[in-house]
Amino acid sequence: MFFLLSKILVVFLKPLNWVGLFLLLALFSPKAKWRRRSLQLSTIFFFFFSNHFILNQVINWWEPETITADQIEEPYDIGIVLGGYSNSLILPSHDRHNFNNRGNRFFNAYELYRTRKIKKFLLTGGSGHPIENRPKEANEMYQYLLRIGVPDSLILVEAESRNTYENAVFSAELLQEQSGAKRALLLTSAWHLPRAAACFRKTGITFTPYGVDYLSEKTRWVPDSLLFPYRNGFNRWELLIKEWVGYWMYSLKGYL
């Protein structure tokens, strides 16, 4: 029930929907005062959520600093790679694996493997869609790793989890069976890491957090950043707001 409810509520967490709602109120409200205030709010929301400078300051505050690849001197036994970086809807897909804009979750993990910073992969993530029957991402990535030459013995697969909490619980169960896996590196998007790390700590796993897929950028004092609408602003605010609400809901549920 909690899983389904969390997916349904997503529609209310999109700033672009808020702008659209106030525009509709501005068009159809029966009173002139309501129409004027709705138009004002819509305009304020549009420029606030599309401002790159404000967004970047918030992201810099939220995303944690973690160790970097050059600070890893001894290889980690396991790199736990959280899913959410694939797009199973893109065609063609029968002869390739299609990544979404979260692809750095995987590619940074693969780079660590190739540079001998991690010895094995633990791929965690099934299908998180509440209605459609989509492929389980960890299974798809297992096949992909085999195709690009990673030995089967170096890949662990957890393909039943549907959210971050289940990622942590099911991965912990799998790791308990790996007697030689004493040092683990947890890899996920930096904006997602506070919630993910809290979930994994709750399971008792000992790990080192490793942020990838950072959204934060250098502060730029230029008109493009300070004044003009940023086309990715609404999408990134949506990620942040969903993550904050998710963190709060997980806290209420005792997942953290």
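Just above, that's the structure.
Heads up: these notes are all about the structure in this document.

Reading the values: the criteria
- Residues numbered from 1 in each chain as written.
- Predicted model: local features only at pLDDT ≥ 70, side-chain atom pairs only at ≥ 80, totals over all residues.
- Heavy atoms only, no water.
- Patch = residues over 30% accessible without salt bridge, like charges linked within 9 Å, V, L, I, M, F, W, Y side chains within 5 Å.
- Areas by Shrake-Rupley, 256 points an atom, 1.4 Å probe, with all protein chains shown as cover.
- Salt bridge = Lys/Arg side-chain N within 4 Å of Asp/Glu carboxyl O.
- Lys, Arg positive; Asp, Glu negative; His and termini not counted.
- Charge placed at Lys NZ, Arg CZ, Asp CG, Glu CD.
- Helix = DSSP H or I, 4+ residues; strand = E, 2+ residues; numbered from the N terminus.
- Buried < 20%, exposed > 50% of the residue type's maximum accessible area, 1.4 Å probe, protein only.
- Axes fitted to C-alpha atoms, helices over the stretch in contact; angles between N-to-C directions.
- Left-handed = near helix turned anticlockwise from the far one by under 90°.
- Contact = heavy atoms within 4.5 Å.
- Nonpolar A, V, L, I, M, F, W, Y, C, P; charged D, E, K, R; others polar.
- Pairing = 2+ DSSP bridges.
- Right-handed = clockwise from strand over helix to strand, strands pointing away.
- Core = buried A, V, L, I, M, F, W, Y, C linked by side-chain atoms within 4.5 Å.

Describing a positive patch on the surface
Right, so step 1: Taken together, the side chains of K31, K33, R36 and R37 define a basic patch exposed on the protein surface.
Right, so step 2: In this structure, R36 sits in helix α3 (residues 32–49).
Right, so step 3: A relative accessible area of 46% places R36 in the partly exposed class.

A short note on the pattern of salt bridges
Right, so step 1: All chains considered together, the criterion is met by eight salt bridges.
Right, so step 2: Residue E160 pairs with K136 through a salt bridge whose shortest N-O separation is 3.0 Å. Highlighted residues: E160 in the loop between β3 (155–158) and α7 (164–176) and K136 in the loop between β2 (118–124) and α6 (137–147), separated in sequence by 24 residues.
Right, so step 3: The salt bridge partner of E238 is K242, with a shortest N-O separation of 4.0 Å. Of this pair, E238 and K242 both sit in helix α10 (residues 233–253), four residues apart, which is roughly one turn of that helix.
Right, so step 4: Looking at E238, the relative accessible area reads 17%, which means it is buried.

Description of the packing of helix α4 (residues 52–62) against α10
Right, so step 1: Where α4 meets α10, the axes come as close as 11 Å, and the angle between the chain directions of the two elements is 35°. As for how α4 packs across α10, the hand of that crossing is left-handed. Every residue of α10 that contacts α4 at I54, L55, V58, I59, W61 and W62 is listed here: G233, R236, W237, L240, E243, W244 and Y247.
Right, so step 2: Taken together, the residues that form the contact of α4 with α10 break down as ten nonpolar, one polar and two charged.

Concerning the environment of K14
Right, so step 1: Tracing the sequence through the fold places K14 in the loop between α1 (2–8) and α2 (15–28).
Right, so step 2: Using a relative accessible area of 28% as the deciding quantity, one classes K14 as partly exposed.
Right, so step 3: With 182 residues separating them in the primary sequence, K14 and A196 have C-alpha atoms 22 Å apart.

Observations regarding the pairing of β2
Right, so step 1: Counting buried residues along β2, five of its seven residues qualify, which places the element largely inside the surrounding structure.
Right, so step 2: Inspection of the sheet shows strand β1 (residues 76–82) paired to β2 by six bridges, in the parallel sense. Bridged to I78 within β2 is K120.
Right, so step 3: Handedness of the crossover joining β1 and β2 through helix α5 (residues 104–114) is recorded here as right-handed.
Right, so step 4: As paired strands, β2 and β3 are joined by four bridges and run parallel to one another. Across the sheet, residue L122 finds its bridge partner in β3, namely L156.

A short note on the nonpolar core
Right, so step 1: Residues F106, F121, L123, L145, L185 and L187 are the most contacted members of the largest nonpolar core, which totals 24 residues.
Right, so step 2: Only β1, α5, β2, α6, β4 (184–189) and β5 (208–212) provide two or more residues apiece to this core.
Right, so step 3: If we ignore the near neighbours within four places in the chain, the residues touching F106 are V81, Y85, F99, M141, Y144, L145 and I148.
Right, so step 4: Counting 20 residues, the second-largest nonpolar core is a separate cluster that includes L175, L193, C199 and F207.

Quick word on the pairing of β4
Right, so step 1: Within β4, six of the six residues are buried, which leaves the element mostly enclosed by the surrounding structure.
Right, so step 2: Across four bridges, the pairing between β1 and β4 is parallel. What sits directly across from I78, in β4, is A184.
Right, so step 3: Pairing of β4 with β5, which is carried by five bridges, proceeds in the parallel orientation. Among the inter-strand pairings, L187 is bridged to a residue of β5, identified as Y210.
Right, so step 4: Remark: the β4/helix α8 (residues 193–203)/β5 crossover connection has right-handed handedness.

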